[in-house]
Structure formats: structure tokens, C-alpha cells
Amino acid sequence: MNTTDLRFRSNRVRDILSLFHEELDGMYGGGEVGVFCEMLFEAFLSWDKVRLLTSREQTIDQSDLLRFHWALEDLKQSRPIQHIIGYTDFCGCRIAVSPDVLIPRPETEEIVNWILHTIHYPLSTIHLLDLCTGSGCIAIALKKAFPKADVTAVDISPAAIEIARRNAENNGADIHFVQADILDPSFLLSPSSFHLIVSNPPYVMEKERAKMQRNVLDYDPALALFVPDDDPLRFYHAIGIIAQKHLDKEGLLAVEINETLSEETCALMREQGFIPTIHNDFRGKPRWISAKKKLS
């Protein structure tokens, strides 16, 4: 079938859904295609799941049908659904995304939820730092959970900072953004002490490219993904130095990690004067490390 014919086919909802499954089930699986359709109908027509389920015989406007046509074409090219609709949901926050930032993942939500159940500082005194903030999703979720907290978020990319700032504004989160390279030895921050430092830094080794899916390789920014094979822990080394300078003596450090380098990352943290703990994600894979300073 020539997919350019989609705009001329029936504009009935049932037929739109059927065509998406015909064209995409072999690529993604029927369950995921169903989720794509739900997300597209919500983004394009503001329909919830119930309305989509009960309106299969309804027809939509030709202009809206064209939007579904281009969405189908994009999905066939492995473009992430989040880029097609322009946003994703993360810990109850709507986060705009683009090729300039990583799409927030469910594993990162796990880290945030764990933090929310772990830290118990008085809300009027807590200072939080998010390194390599990207879309700002972690910083925003933490600020929404702790409205009185002072939150600072850092990224090297001006484009990422702009997206993160816009996301913060759209979510009513007052966050201080800093555009800086955390690998720079002269990197310093104000305030000088933070109760929590969290980061999802680049950690994918160049040699792991061959294992990655096209929707990540072609659409996520390489700057936020990859590290050299001969220095894969460079960001954790820098984060450790920053934490030694800026983490409160009773504070908590939490970092997302490469599952294949969990023990090496722990060893580095021990060398830098921390007591680390590895945490598994919902798939049972090592996904993040929490750490505290050794108290002499």
C-alpha cells in the first residue's frame, strides 16, 4: 500500500486505528502501537482513552487526518512518539522535548521517586542540585515535590537550558539554571552546600552504539549520551569532585549509571570518599547509585 494515500482514505476513527496497526505492528508490536494511537488522539484532538474507545465510528476533519498521516510516516522512520507530539509526562509533570535533550525515561522516574521517599529535610532549608539537567525533568519534579526547596540545574548545552527553562515555567517551578561544563576543573556553584546532588550524566560508551535502537541513535543528542571507551567514568569523576566540594556532610548523592559499569562506578566513588549503594530498576538491572560522604 502507498502510505501517501492515507489522507484520502476514510476519516473514520476505526479505519485510522486499523491502518496504524497494519503499518506498524510488525515494527513495534500491537500493544505499543495502541499506546501511540492513544497519545496521538490525546495530543491532536484532546481525546482521552474512554472517548477513543467509545468513538470508533466517529469521523475527524481532513486537516486532523493529515496530522495522523505525517505521524504515521514519522513512526515508520523510528521518530520517537514524544518528538511527534512534542512532550512526555514525567513524575506528574508535562515535559517538552526536542532533539536537543534526552527523552525522560521510566528508569529515571524511579530514581526521583526513590529520592522522594528517602530525603527527610525540613522543606524550608533544603538545597538541591541537578547536574546534566537536559530537559530539566528531574529538577522540575523535585521542585514540585518540595516547593520551598532551592533548586539549581546545570547543563553544558544552551539549547537544553532553554528547553529546561521553558519546562520549568510551564510547570510553575522556580529553578536557577546554569549553563556550564561540569568537566571544567574551575566549575563552582552558589550556594556552596547542597543537601542533595542528583545527575543523569552521559554514560553510554562509543562501543555500545551497535546495540542501541534507531529511535535513540537518530534522535537523542549524542552530547547527552556518549563517553569515550577509554574514559567512560569521566562524568562520575567530575561529579565526585563537585560533591566533595558542595555536598553537605549529611547530604545525599544520587546518579544514574551504565549498568555494565556499576561496580567500576562504585569503586571510583569509594576512592573519592563516598559510601555508595547500587539500586536496581524495575527490570532488575543496576540503574543508579546513591552515596553519602564518609565521615571521619
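That block above? That's the structure.
Rules used throughout
- Residues numbered from 1 in each chain as written.
- Predicted model: local features only at pLDDT ≥ 70, side-chain atom pairs only at ≥ 80, totals over all residues.
- Heavy atoms only, no water.
- Helix = DSSP H or I, 4+ residues; strand = E, 2+ residues; numbered from the N terminus.
- Expected span 1.5 Å × (residues − 1).
- Buried < 20%, exposed > 50% of the residue type's maximum accessible area, 1.4 Å probe, protein only.
- Arc of directions from axis to C-beta.
- Contact = heavy atoms within 4.5 Å.
- Disulfide = S-S within 2.5 Å.
- Polar contact = N/O pair within 3.5 Å; in protein donor to acceptor, adjacent residues only side chain to side chain.
- Pairing = 2+ DSSP bridges.
- Right-handed = clockwise from strand over helix to strand, strands pointing away.
- Salt bridge = Lys/Arg side-chain N within 4 Å of Asp/Glu carboxyl O.
- Core = buried A, V, L, I, M, F, W, Y, C linked by side-chain atoms within 4.5 Å.
- Phe/Tyr/Trp six-rings, centres within 6.5 Å; stacked < 30°, edge-to-face > 60°.
- Axes fitted to C-alpha atoms, helices over the stretch in contact; angles between N-to-C directions.
- Parallel < 35°, antiparallel > 145°, perpendicular 65-115°, else oblique.
- Nonpolar A, V, L, I, M, F, W, Y, C, P; charged D, E, K, R; others polar.

A. Local environment of helix α8 (residues 158-170). Under the 1.5 Å per step criterion, the end-to-end length of α8 is 18 Å for 13 residues, consistent within 8% with the ideal 18 Å. Among the residues of α8, A160, I161, I163, A164, N167 and A168 are the ones counted as buried. Here the buried residues of α8 occupy an arc of 165° about the axis, which is enough to place them on one side. With respect to the buried face of α8, the exposed residues turned more than 90 degrees away are P158, E169 and N170. Packed against the buried residues of α8 are β2 (93-96), α7 (137-145), β4 (150-155) and β5 (176-179).

B. Structural detail: the state of the cysteines. For the structure on display, the rule yields 0 disulfides. Its sulfur unpaired, C91 is 6.9 Å from the next cysteine sulfur, which belongs to C93. Judged by its relative accessible area of 26%, C91 falls in the partly exposed class. C137 carries a free sulfur, and the closest cysteine sulfur to it, the one in C91, is 7.7 Å from it.

C. Quick look at the environment of T260. By secondary structure assignment, the location of T260 is in the loop between β9 (247-256) and α11 (262-271). A relative accessible area of 45% means that T260 is categorised as partly exposed. Separated by 27 residues in the primary sequence, T260 and R287 have C-alpha atoms spaced 9.6 Å apart. At 2.7 Å, the side chain of T260 forms a polar contact with the side chain of N258.

D. Broad picture of the pairing of β4. With 5 of 6 residues buried, β4 is to be regarded as a mostly interior element. With 5 bridges connecting them, strand β3 (residues 127-131) and β4 associate as parallel partners. Along β4, the bridge assignment pairs H127 with D150. After leaving β3, the chain enters α7 and then returns to the sheet as β4, a path that is right-handed. Looking at chain direction, β4 and β5 are connected through 4 bridges and run parallel.

E. The arrangement of the pairing of strand β10 (residues 274-280) in detail. Direction of pairing for β10 relative to strand β11 (residues 286-293): antiparallel, over a ladder of 7 bridges. Opposite H279, over in β11, you have W288 as the bridge partner. The antiparallel hairpin formed by β10 and β11 contains 5 residues in its connecting segment, where G284 sits at a positive phi of about 80°.

F. Local environment of the pattern of salt bridges. Taken as a whole and judged by the stated rule, the model has 17 salt bridges. Between R12 and D15 there is a salt bridge; the shortest N-O distance is 3.3 Å. Look at D15 and you get partly exposed, because its relative accessible area is 23%. Between D220 and R105 there is a salt bridge, and its shortest N-O distance comes to 3.0 Å. Placement of D220 in the loop between α9 (214-217) and β8 (226-227) and of R105 in the loop between β2 and α6 (106-116) is noted, with a sequence separation of 115 residues between them.

G. Fine view of the nonpolar core. L131, V154, I182 and L253 are the most contacted members of the largest nonpolar core, which totals 36 residues. Elements supplying a minimum of two residues to this core: β3, β6 (194-199), β7 (204-205), β8, α10 (234-246), β9, α11 and β11. Element by element, the count of residues in this core is highest for α10, at 5 residues. Beyond its immediate sequence surroundings of up to four residues, I182 is in contact with L131, C132, V154, F187, F235, A238, I239 and I242.

H. Quick look at the packing of aromatic side chains. According to the stated counting rule, one finds 6 aromatic pairs in the structure shown. The interplanar angle of 35° and the centroid separation of 5.4 Å between the aromatic rings of F41 and W47 together place this pair among those described as tilted. The two residues F41 and W47 agree in class, both being buried. Ring geometry for F44 versus F68: centroids 5.1 Å apart, planes at 80°, classification edge-to-face. Of this pair, F44 sits in helix α2 (residues 30-45) while F68 is found in helix α4 (residues 62-76), placing the two residues 24 residues apart along the sequence. Residue classification places F44 among the buried positions, given a relative accessible area of 13%. By relative accessible area, F68 is classed as buried at 1%.

I. How the structure looks around α7. Taking burial as the measure, the 9 residues of α7 include 7 buried ones, the bulk of the element. Among the residues making up α7, those that are buried are C137, I138, A139, I140, A141, L142 and K143.

J. Main features of the packing of helix α1 (residues 13-28) against α4. Two elements in contact, α1 and α4, have axes whose closest approach is 10 Å; the angle formed by their N-to-C orientations is 10°. As summarised for this structure, α1 and α4 are arranged roughly parallel, according to the angle between their axes. Contact residues: α1 offers I16, L19, F20, E23, L24, M27 and Y28, while α4 offers L65, F68, L72, L75 and K76. Its residues assigned to classes, the contact of α1 with α4 comprises 10 nonpolar, no polar and 2 charged.

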